[in-house]
Amino acid sequence: MSKMLYNDAIMERDNVVDIEDRAYQFGDGVYEVIGVYDGEPLMMDEHMERLERSARELRLTLPVSTTELKNNLEKLVEANGLQEGIIYMQVSRGIASREHEFPNPETPAVTVAYTREEVRQSDVEDEGRPAVLVEDIRWLRCDIKTLNLLPNVMAKQKAVENNAVEAILHRGDIVTEASASNVFMVKNGELYTHPADNYILNGITRRKIIQLCDELDLKVNEQTYTVNDLLNADEVFISATKLDIIPILRVDDQTIGDGKPGKITKQVLQSFRSLYQKSVRNKV
Ligand SMILES: Cc1ncc(COP(=O)(O)O)c(C=O)c1O
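Since we're looking at a predicted model, the values are computed, not measured. Sequence positions are assigned chain by chain, starting from 1 and proceeding in written order. Confidence filtering applies because this is a predicted model: local features only for residues at pLDDT of at least 70, side-chain atom pairs given and counted only at 80 or more, and all residues used for totals across whole chains, interfaces and linings.

**Student:** Residue-level account of helix H3 (residues 66-79), with values.
**Tutor:** Runs of E in the DSSP output that reach at least two residues are strands. Runs of H or I that reach at least four are helices, and both are numbered from the N terminus. Helix span, expected: 1.5 Å multiplied by one less than the number of residues in the helix. Spanning 14 residues, H3 covers 19 Å between terminal C-alpha atoms, matching the ideal 20 Å at 1.5 Å per step. Put simply, a residue is buried when 20 or more other C-beta atoms lie within 10 Å of its own C-beta and exposed when 12 or fewer do; between those, it is partly exposed, and each C-beta is set from the backbone. Restricting attention to buried positions, one finds in H3 the residues Leu69, Leu73, Leu76 and Val77. Axial view of H3: buried residues confined to an arc of 100°, hence all on one face. Counted as exposed and oriented over 90 degrees from the buried face of H3: Thr67, Glu68 and Glu78. Of the residues one or two after H3, glycine 81 is the one with positive phi, at around 55°. The arc refers to the directions leading from the helix axis to the C-beta atoms.

As structure tokens, this is what we get:
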């Protein structure tokens, strides 16, 4: 059995969930998923910053500084000898008698983290996959990475039942993001992605792609676009930690472009892959 982090102790992964942990009863907490390559977490500082922001927006006080948390997570990776995979970590508003309102301010938040070995699926990245469209029925603070993921779960299940890799979400006409990833489309040589407002989670991978595109002299328009624009795009791809970039070849019954991974998508994927080559990663 691998080890886990419980508050600031590394211990055997065991049944430590308290039934009155607010994460369990209300989804009252925040989380992060961090990719690990060659035994090193990728873009850890960006993940810690986003965690801090999510916690602040929910008025949840993190029990330790993100510097300390980062150290603890690095210790966990080492304890598990993880080379390639992910760190999952969450902080809940703590354990208290079940009442909806915040517990007594003295109640400490609870941090848990574990690692999972996961080998990258470069065949999926190279080949691309289909996606389905699902109405976005989430709350209006999708910018916060909270544990509340039921609409995302329902959407992803629809994707799986239709042999698709993702469910692309739309609020009415506007494409927002996907159930567990961000969405980019390419039209006439330029990229488009929903602006980082309250309707989407500002993905760490999304931000890195925008930065890489700048270096590649590719224009990224952070602006809304419609379902019709998506269906008529030259290329579409999704992005998220660990799955990185997956070309989308079809959306529902509509083939995207020529039904193959597009030129710009491949260029961005290539550039993203270079991030986890050790020499480059040290500069990320
Ligand atoms: C709803 C949603 N959007 C976007 C993302 C991509 O974020 P990141 O690139 O930080 O993994 C995720 C990741 O899980 C997500 O759940």
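**Student:** Provide a residue-level description of the nonpolar core, including the pertinent values.
**Tutor:** Of all hydrophobic cores here, the largest spans 36 residues; its most connected members are Ala131, Ala167, Ile168, Val236 and Ile248. As used here, a nonpolar core is made of buried Ala, Val, Leu, Ile, Met, Phe, Trp, Tyr and Cys residues. They are joined through C-beta atoms within 7 Å. Residues Val36, Leu76, Val77 and Val110 belong to the second largest nonpolar core, which totals 23 residues.

**Student:** Provide a residue-level description of the packing of helix H6 (residues 204-215) against helix H8 (residues 263-273), including the pertinent values.
**Tutor:** Whenever a helix is involved, its axis is fitted only over the stretch in contact; in every case the axis is a line through C-alpha atoms, and angles between N-to-C directions fall within 0 to 180 degrees. Put simply, H6 and H8 touch, their axes get as near as 10 Å, and they point 105° apart. As summarised for this structure, H6 and H8 are arranged roughly perpendicular, according to the angle between their axes. Residues Lys208, Ile209, Leu212 and Cys213 of H6 form the contact with H8, whose own contacting residues are Val268, Ser271 and Phe272. All residues other than Ala, Val, Leu, Ile, Met, Phe, Trp, Tyr, Cys, Pro, Asp, Glu, Lys and Arg, Gly among them, are scored as polar; the first ten of these are nonpolar and the last four charged. In terms of residue class, the contact of H6 with H8 is built from five nonpolar, one polar and one charged. Note on terminology: angles under 35 degrees are roughly parallel, angles over 145 are roughly antiparallel, angles of 65 to 115 are roughly perpendicular, and the others are oblique. Residues are treated as contacting if the C-beta atoms built from their backbones sit within 7 Å of each other.

**Student:** Residues and numbers for the site of the ligand, please.
**Tutor:** Defining nearness, a residue is near a molecule or strand when the C-beta atom obtained from its backbone falls within 6 Å of it. Residues in contact with the ligand amount to 14 residues; listed here are only the nearest, Leu201, Gly203, Ile204, Thr205 and Thr241. With three residues, the single largest contributor to the shell around the ligand is H6. Of the residues in the shell around the ligand, the class split is five nonpolar, seven polar and two charged.

**Student:** Lay out the sheet that holds strand S2 (residues 9-12) with the relevant residues and their values.
**Tutor:** By the convention used here, strands pair only if DSSP detects at least 2 bridges between them. Spatially, six strands are ordered S2-S1-S6-S5-S3-S4 in an open sheet, and the strand pairing comes out antiparallel. Two strands lie at the open edges of the sheet, namely S2 and strand S4 (40-41), each paired on one side alone. Here strand S3 (residues 29-37) pairs with S4 via two bridges, running antiparallel. Of the residues in S4, the one forming a bridge with valine 36 is proline 41. Strands in contact with helix H2 (residues 44-57) are S3, S4 and strand S5 (85-92); relative to S3, the strand with the most contacts, it is inclined by about 175°. Where H3 meets the sheet, its contacts fall on strand S1 (3-6), S2, S3, S4, S5 and strand S6 (110-117), and the angle it forms with S1 comes to roughly 165°.

**Student:** Before we move on, can you summarise the domain arrangement of the protein with the specific residues and values?
**Tutor:** Boundaries between domains were set according to an automatic or database domain assignment. Along its sequence, the protein is carved into domain 1 (3-117) and domain 2 (122-279). Counting from both sides, the interface comprises 21 residues of domain 1 and, opposite them, 13 residues of domain 2. Only S3, H2 and S5 provide two or more residues apiece to the side of domain 1 that touches domain 2. The element best represented in the side of domain 1 that touches domain 2 is S3, accounting for eight residues. Classifying every residue of the side of domain 1 that touches domain 2 by side-chain character gives 10 nonpolar, six polar and five charged.

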